[in-house]
Amino acid sequence: MRDDSVIDEQGYRPNVGIVVANAAGQLLWARRIGQNAWQFPQGGIHAGETPEEALYRELHEEVGLLPDQVRMVASTKGWLRYRLPGRYRRSNQTGNPCIGQKQRWFLLQLTAEDDAVVLDRVQPQEFEDWRWVSYWYPLSQVIVFKREVYRRALKELLPALDRLSRDVA
């Protein structure tokens with residue numbers, strides 16, 4: 001895995017969070033390899049990359065989807081932050097300590113068939129399984145230190161999903 005990530009002056013690594021919804025309003029929920037840890041796709045923003053560029057790169061790397069297989073629905077207005085517990089903290093290549101992540105969250109609608117989701121398209125593979133779940137399900141399942149960011153992201157993105165659902169109906 002390439003780590004040319006940037007860490008800001010407060011010690012936060014810029015990151016994107018990706019919520020992929022199907023036509024029924026369910027969300028793509030994926031399990032990390034070798035762990036019983038489920039989460040939304042996410043990943044760091046590399047030096048010189050915009051959040052949107054990172055979104056599409058991570059979407060392809062983690063779940064095999066291409067930009068023409070999704071439609072951008074919404075994004076959070078600003079950065080949502082969480083602190084990492086001590087055992088998860090590390091430094092980037094320049095030795096800057098990372099105390100947490102600041103994330104821009106994106107809501108995408110899957111416009112392709114479910115079989116477009118391919119978890120092993122890029123190596124190393126990050127997820128080994130995925131499924132569709134109800135909108136609020138991830139809040140009770142994600143690792144504790146990410147729950148508040150998930151709650152804030154889902155709350156902010158919900159009106160866009162509601163509008164999308166009305167447009168489809």
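Structural data are supplied above this passage.
Rules and cut-offs
- Residues numbered from 1 in each chain as written.
- Predicted model: local features only at pLDDT ≥ 70, side-chain atom pairs only at ≥ 80, totals over all residues.
- Heavy atoms only, no water.
- Helix = DSSP H or I, 4+ residues; strand = E, 2+ residues; numbered from the N terminus.
- Buried < 20%, exposed > 50% of the residue type's maximum accessible area, 1.4 Å probe, protein only.
- Contact = heavy atoms within 4.5 Å.
- Areas by Shrake-Rupley, 256 points an atom, 1.4 Å probe, with all protein chains shown as cover.
- Core = buried A, V, L, I, M, F, W, Y, C linked by side-chain atoms within 4.5 Å.
- Phe/Tyr/Trp six-rings, centres within 6.5 Å; stacked < 30°, edge-to-face > 60°.
- Lys NZ or Arg CZ within 6 Å of the ring centre and 35° of its normal.

## A short note on the overall build of the protein
Then comes step 1: A tally of regular secondary structure across the protein gives 3 helices and 10 strands.
Then comes step 2: Here the protein holds 169 residues, and 49% of them are scored as buried.
Then comes step 3: Of the contacts made within the protein by residues no fewer than 6 positions apart, 73% connect residues no fewer than 24 positions apart.
Then comes step 4: For the protein, the accessible surface area stands at approximately 8,500 Å², while carbon and sulfur atoms represent 49% of it.

## So, the environment of Val-73
Then comes step 1: Within the secondary structure, Val-73 sits in strand 5 (residues 70-75).
Then comes step 2: C-alpha of Val-73 to C-alpha of Arg-163: the two residues are 90 residues apart in sequence and 9.5 Å apart in space.
Then comes step 3: Other than its neighbours up to four places away in sequence, Val-73 contacts Leu-107, Leu-108, Gln-109, Ala-160 and Leu-164.

## Re the nonpolar core
Most often, soluble globular proteins have nonpolar side chains that are buried together.
Then comes step 1: If you look at the biggest cluster of nonpolar residues, it comprises 27 residues, and the most contacted ones within it are Val-19, Leu-27, Phe-40, Trp-105 and Leu-107.
Then comes step 2: Listed by contribution, the elements that provide at least two residues to this core are strand 1 (12-21), strand 2 (27-32), strand 6 (80-83), strand 9 (100-110) and helix 3 (147-168).
Then comes step 3: Other than its neighbours up to four places away in sequence, Leu-107 contacts Val-19, Ala-21, Arg-71, Met-72, Val-73, Ala-74, Leu-157, Ala-160 and Leu-161.
Then comes step 4: Counting 20 residues, the second largest nonpolar core, distinct from the first, contains Val-16, Ile-18, Val-117 and Trp-132.

## Considering the packing of aromatic side chains
Then comes step 1: Scanning all chains against the criterion turns up 9 aromatic pairs.
Then comes step 2: Ring geometry for Trp-130 and Trp-132: centres 5.2 Å apart, planes at 90°, overall edge-to-face.
Then comes step 3: A network of ring pairs unites the aromatic residues Trp-29, Phe-40, Trp-105, Tyr-137 and Tyr-150 as a single cluster.
Then comes step 4: Note that Arg-81 overlies the ring of Tyr-12, its terminal NZ or CZ placed 5.6 Å from the centroid.
Then comes step 5: Here the basic side chain of Lys-102 rests over the ring of Trp-79, its NZ or CZ set 4.9 Å away from the ring centre.

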